Amino acid sequence: MCRFFSYLGTPEIMGELLYDPENSIITQSYAAKEIEEPLNGDGFGVGWYAPEISPIPGVFVSITPAWNNRNLQYISRKVNSGCILAHVRAASVGAVSENNCHPFHCDNYLMMHNGGIEHFEKIKRPLIDKLSKKMFNWIQGQTDSECFFALFLDKLHQKSNDPNSEEIAECLEASFSEIEKLMKEYHIDQPAYFNIIVSDGKKLVGSRYVTDKNSTPLSLHYSEAGKIKSENGKTSLVKGSENEHGVIVSSEKLTNDDADWNTVPSHHFIMVEENLNIHLKKINRS
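Note that the structure is a prediction, hence the values are computed from the model and not measured. (Residues numbered from 1 in each chain as written. Predicted model: local features only at pLDDT ≥ 70, side-chain atom pairs only at ≥ 80, totals over all residues. Heavy atoms only, no water.)

Let's talk about the packing of aromatic side chains
So, step 1. One pass over the structure, following the stated rule, counts 9 aromatic pairs.
So, step 2. Judged by centre distance (6.1 Å) and plane angle (85°), the rings of Tyr 30 and Trp 67 are edge-to-face. In this pair, Tyr 30 is assigned in helix α2 (residues 25-31) and Trp 67 in the loop between β3 (54-62) and α3 (70-76), connecting sequence segments 37 residues apart.
So, step 3. Taken together, the ring pairs connect Phe 104, Phe 148, Phe 149, Phe 176, Phe 194, Tyr 209 and Phe 269 into an aromatic cluster. (Phe/Tyr/Trp six-rings, centres within 6.5 Å; stacked < 30°, edge-to-face > 60°. Helix = DSSP H or I, 4+ residues; strand = E, 2+ residues; numbered from the N terminus.)

Section: the pairing of strand β15 (residues 278-282)
So, step 1. Sheet topology note: the strand β14 (residues 268-272)/β15 ladder contains 5 bridges and is antiparallel. Counted as the bridge partner of Phe 269 is Lys 281 from β15.
So, step 2. Here β14 folds back onto β15, and the loop between the two strands holds 5 residues, one of which, Leu 276, carries a positive phi near 75°. (Pairing = 2+ DSSP bridges.)

Section: the sheet that holds strand β1 (residues 3-13)
So, step 1. Taken in spatial order, the 7 strands make up an open sheet running β3-β2-β4-β1-β12-β9-β13, and their pairing is antiparallel. Edge positions in the open sheet fall to β3 and β13 (262-263), since each of these has one partner strand only.
So, step 2. For strand β9 (residues 221-223) and β13, the ladder comprises 2 bridges, and the chain directions are antiparallel. Bridge assignment links Tyr 222 to a residue of β13, and that residue is Asn 262.

So, the pairing of strand β7 (residues 193-199)
Consecutive side chains along a regular strand alternate between the two faces of the sheet.
So, step 1. The element β7 is largely enclosed, with a buried count of 7 among its 7 residues.
So, step 2. The two faces of β7 match: Tyr 193, Asn 195, Ile 197 and Ser 199 on one face and Phe 194, Ile 196 and Val 198 on the other face are all buried.
So, step 3. Across 7 bridges, strand β6 (residues 109-116) lies against β7 in antiparallel orientation. Bridge pairing in β7 links Gly 116 to Tyr 193. (Buried < 20%, exposed > 50% of the residue type's maximum accessible area, 1.4 Å probe, protein only.)

Considerations on the sheet that holds β7
Sheet strands pair via backbone hydrogen bonds, and the direction of the pair is either parallel or antiparallel.
So, step 1. Ordered by their spatial adjacency, 6 strands build an open sheet running β5-β6-β7-β8-β14-β15, and the pairing between neighbours is antiparallel. Strands with a single pairing partner mark the edges of an open sheet, and in this sheet they are β5 (104-106) and β15. Taken over all neighbouring pairs, the strand axes of this sheet differ in orientation by 15° on average, direction set aside.
So, step 2. Against the sheet, helix α6 (residues 144-156) makes contact with β5, β6 and β7, and its axis sits at roughly 130° relative to β6, the strand it touches most.
So, step 3. This element, helix α7 (residues 165-185), spans β6, β7, β8 (204-208), β14 and β15 of the sheet and lies at about 150° to β14. (Axes fitted to C-alpha atoms, helices over the stretch in contact; angles between N-to-C directions. Contact = heavy atoms within 4.5 Å.)

Points about the nonpolar core
So, step 1. If you look at the biggest cluster of nonpolar residues, it comprises 39 residues, and the most contacted ones within it are Trp 138, Phe 152 and Leu 172.
So, step 2. Those elements giving two or more residues to this core turn out to be β5, β6, α4 (124-129), α5 (133-138), α6, α7, β7 and β14.
So, step 3. Core analysis: the second largest hydrophobic core is formed by 24 residues, Phe 5, Tyr 7, Ile 26 and Phe 60 among them. (Core = buried A, V, L, I, M, F, W, Y, C linked by side-chain atoms within 4.5 Å.)

Topic: the side chain of His 268
So, step 1. On the secondary structure map, His 268 appears in strand β14.
So, step 2. Since its relative accessible area comes to 16%, His 268 is described here as buried.
So, step 3. A distance of 2.8 Å separates a polar side-chain atom of His 268 from the backbone oxygen of Ser 266.
So, step 4. Apart from residues lying up to four places away in sequence, His 268 is in contact with Gly 206, Ser 207, Arg 208, Leu 280, Lys 281, Lys 282 and Ile 283. (Polar contact = N/O pair within 3.5 Å; in protein donor to acceptor, adjacent residues only side chain to side chain.)

So, the environment of Ile 278
So, step 1. By the secondary structure assignment, Ile 278 is in strand β15.
So, step 2. Taking the relative accessible area as the measure of exposure, Ile 278 reaches 21% and is therefore partly exposed.
So, step 3. For the pair Ile 278 and Pro 126, spaced 152 residues apart in sequence, the C-alpha to C-alpha distance is 36 Å.
So, step 4. With residues near it in sequence (within four places) discarded, Ile 278 still touches Tyr 222, Glu 224, Val 247, Ile 270, Met 271 and Val 272.

Section: the pattern of salt bridges
So, step 1. Taken as a whole, this structure holds 12 salt bridges when the rule is applied.
So, step 2. Between Lys 130 and Glu 178 there is a salt bridge, with the nearest N and O atoms lying 3.2 Å from each other. Placement of Lys 130 in the loop between α4 and α5 and of Glu 178 in helix α7 is noted, with a sequence separation of 48 residues between them.
So, step 3. Taking relative accessible area as the criterion, Lys 130 reaches 42% and is therefore assigned partly exposed.
So, step 4. Note that Asp 162 and Lys 202 form a salt bridge whose closest N and O atoms lie 3.5 Å from each other. With Asp 162 in the loop between α6 and α7 and Lys 202 in the loop between β7 and β8, the pair connects residues that are 40 residues apart, well separated along the chain.
So, step 5. Note on Asp 162: relative accessible area 44%, which makes it partly exposed.
So, step 6. Owing to a relative accessible area of 34%, Lys 202 belongs among the partly exposed residues under this scheme.
So, step 7. One connected set of salt bridges, linked through shared partners, spans Asp 162, Asp 200, Lys 202 and Lys 203. (Salt bridge = Lys/Arg side-chain N within 4 Å of Asp/Glu carboxyl O.)

Shown next, in the form of structure tokens:
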């Protein structure tokens, strides 16, 4: 069901965040610990922001496994960014293709998904029929994730030009509700899992949610000690000075020190603001 990683804070070298921790997102591409299927080798993607150049993020995706991509190894060590998203894929809905790799990009937003909608083929057509012309034409791939993002973006576009974290969370929640209505209408009984990360480069909004009240959502953790420090072969997260601070939201704990990490509660949003303040908000259940 994939794994993902996101960072917001003082600009850091992307490669240090992606490769250096003991349980890095690269390690999770072949040996994930907190999910039944440890292998996530059906491609990967990274997105990052360079606001001094443009509000539009850079994105690099590939269908090769993240652990074996030479270009990622070279490029990531030369990228310095204050907002980074990375995803390793275990394909469920949709072929192994670049168009199906996360994070997905539209305007100044990056979005990625860990989870899935069972029997998505039953609701794909009625879901697409709900989309605006703009978002229908935006879809390039085959995944349930991208269709969900299109639905979410249609709702977000009805907000202000610069929606805040609460408004982003409201649109995600409304999108969950829309999907659940379709699942009920088309008699899909299996749960849909929605661990989502959305960013505009200035803030992050994440969710840990599953539609079935009796199921446990997929793992999601966060750390306020976002600076990576490697010493004597051991990697740790250290909270730097006021000017050296970052927040990580990740499918799995990147280090073996549990003191570094907090778990996002089941059925909650996590909102990381531009000033790096963190808010948790309960998701209303239908």
